[in-house]
Amino acid sequence: MIASDTLSRWQSALPFWVSYLLIPLIWMTTTAGGWWVLLVPLSTWWVFAVLDRLTGLNLENADPDTPDAGLQWYIWLTKAWAPVQFLTLYGLIWYTTRAVDMSSVEKIGVFFGMGVLSGTIGINYSHELMHQKGKLERWLGDFLLSMVLYSHFRSEHLLVHHRYVGTPRDPVTARYNEGFHRFYPRVLRQSLISAFRAEREKLARKDRPWTDPANPFWRYWGLQGAMLLLAFLIGGWAGLGLFLVQAGTAIWQLELVNYVEHYGLTRKYLGDGKYEHVHPRHSWNASQKASNWLLINLQRHSDHHYKPNRRFPLLQHHTQDAAPQLPHGYPVMTLAAMIPPLWRRIMNPRVRAWRRQYYPEITNWKPYNKAHNPAPRT
């Protein structure tokens, strides 16, 4: 176990700050133009896939009782990203819309890379921030999500996903044999609807209508509208279009990860609208060292669902006895998810092995495969 005093040193936190190297990288590739603009997505996908092979697995666990006072280097990492991403995004809009020597294809390439950055890093950091109790961190999480027009993710994630993961009521749990190209349009539609419904029901329990100012959707819409307006004011219609390229890419990156995290893993139906409690076995676990530096331990997802409020440096590795293991980190697995035959070849045998290991008593998996079991009671 990594002791608290070791964890609190800046040297221990330093590898997780690797994401900040992407900021000068995207500026250098933008000014260079040409094929260089593809270096940002390649560095987050291919470079970290190679680094995972070189660095191997990290199976060490930090002391989970480490207080926040010993985690300041990690906390500032996620807090600082919001203003850094904001300045980078709108700085790039200003620069590219005035760069007469850049082609439209190059500009789109830059904002595809920016979307990979704001999705892989920005949404991931917002996920860490939204799980914290402090108002500042939650506001910074909302701020990051508004830059990719996906603010409702906070409501969906906190009120729906964590509560109903592995059941028919959770849109984000990818079903067995459901390819990403079917999952993606379904989750885009259902997540927005379920997020709004969850906030409306939360207000209804207090005898308030959905139009009540306490509904966070008003904040979501206001922040997103401000981001769109700012993009237009800085770069005109071209700036707005490039902003949308970035946002669309970021959302795609998020949902690719969501697809991987729970593919085929379902909670046992107990009857009468009841499901078993959430366990580490209901999320795929990956402890590849380098990609967990980049993704601030997001791949230790089994522990995140087991202890949702645990800060990222304290997330624990679970062994095969407690949680199913991915064969590779997210950079490789998300690429595989884009090729459904390859994905099924890799993952379907693992899902079937998971079922034999944890639920040998279940003989009919068809209702689980199609999400036809009764919805859980609210």
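Keep in mind it's a predicted model, so treat the numbers as computed, not measured.

S.K.: Even after reading the chapter, I still don't get the pattern of salt bridges, so can you show me in this structure?
M.R.: Oppositely charged side chains can pair when the atoms bearing their charge come close. Applying the stated criterion to the full structure yields 11 salt bridges. Across the salt bridge formed by Arg281 and Glu276, the nearest N and O atoms sit 2.9 Å from each other. An identical accessibility class is assigned to Arg281 and Glu276; each is buried. Look at the salt bridges and you will find they share partners, linking Asp68, Glu137 and Arg311 into a network.

S.K.: Just to check I follow, could you spell out a nonpolar patch on the surface for this structure?
M.R.: Among the surface-exposed residues, Trp35, Trp36, Leu38, Leu39, Leu42, Trp46 and Leu335 lie close enough to one another that they form a single nonpolar patch of about 780 Å² accessible area. For the nonpolar patch, the element with the highest residue contribution is helix 4 (residues 39-55), accounting for three residues. Relative to the helices and strands, Leu39 resides in helix 4.

S.K.: Please clarify how empty space enclosed by the protein should be interpreted in this entry.
M.R.: To find the voids left in a structure, one rolls a probe of water-molecule size over its atoms. In the structure shown here, the tally under the stated rule is four cavities of 30 Å³ or more. There is about 280 Å³ of room inside the largest cavity. For the largest cavity, the lining is made up of 22 residues, of which Thr120, Gln253, Val257, Leu295 and Leu298 are closest to its centre. When residues of the lining of the largest cavity are traced back to their parent elements, those giving at least two are helix 4, helix 6 (104-130), helix 8 (153-164), helix 10 (216-262) and helix 13 (330-337). Top element by residues in the lining of the largest cavity is helix 10. It accounts for six residues.

S.K.: Would you explain the layout of surface pockets in this entry?
M.R.: Empty space within the largest pocket amounts to approximately 320 Å³. Every residue lining the largest pocket is counted, 20 residues in all, and those nearest its centre are Ile2, Ser12, Phe16, Asn58 and Trp293. The greatest single-element share of the lining of the largest pocket, amounting to three residues, is contributed by helix 11 (residues 289-294). The residue makeup of the lining of the largest pocket, split by class, is nine nonpolar, eight polar and three charged. Taken together, 14 residues make up the lining of the second largest pocket; nearest its centre are Arg154, Glu199, Lys202, Ala214 and Pro216. Elements supplying a minimum of two residues to the lining of the second largest pocket: helix 8, helix 9 (180-204) and helix 10. Looking at the lining of the second largest pocket, the element that brings in the most residues is helix 8, giving four residues. Grouping the constituent residues of the lining of the second largest pocket by class yields six nonpolar, one polar and seven charged.

What counts and what doesn't
Residues numbered from 1 in each chain as written. Predicted model: local features only at pLDDT ≥ 70, side-chain atom pairs only at ≥ 80, totals over all residues. Heavy atoms only, no water. Salt bridge = Lys/Arg side-chain N within 4 Å of Asp/Glu carboxyl O. Buried < 20%, exposed > 50% of the residue type's maximum accessible area, 1.4 Å probe, protein only. Patch = residues over 30% accessible without salt bridge, like charges linked within 9 Å, V, L, I, M, F, W, Y side chains within 5 Å. Areas by Shrake-Rupley, 256 points an atom, 1.4 Å probe, with all protein chains shown as cover. Helix = DSSP H or I, 4+ residues; strand = E, 2+ residues; numbered from the N terminus. 1 Å grid on protein atoms, 1.4 Å probe; cavity = no way out; pocket = protein on both sides within 12 Å on 5 of 7 lines; lining within 4 Å. Points joined across faces, edges and corners; volume = space filled by probe spheres on them. Nonpolar A, V, L, I, M, F, W, Y, C, P; charged D, E, K, R; others polar.

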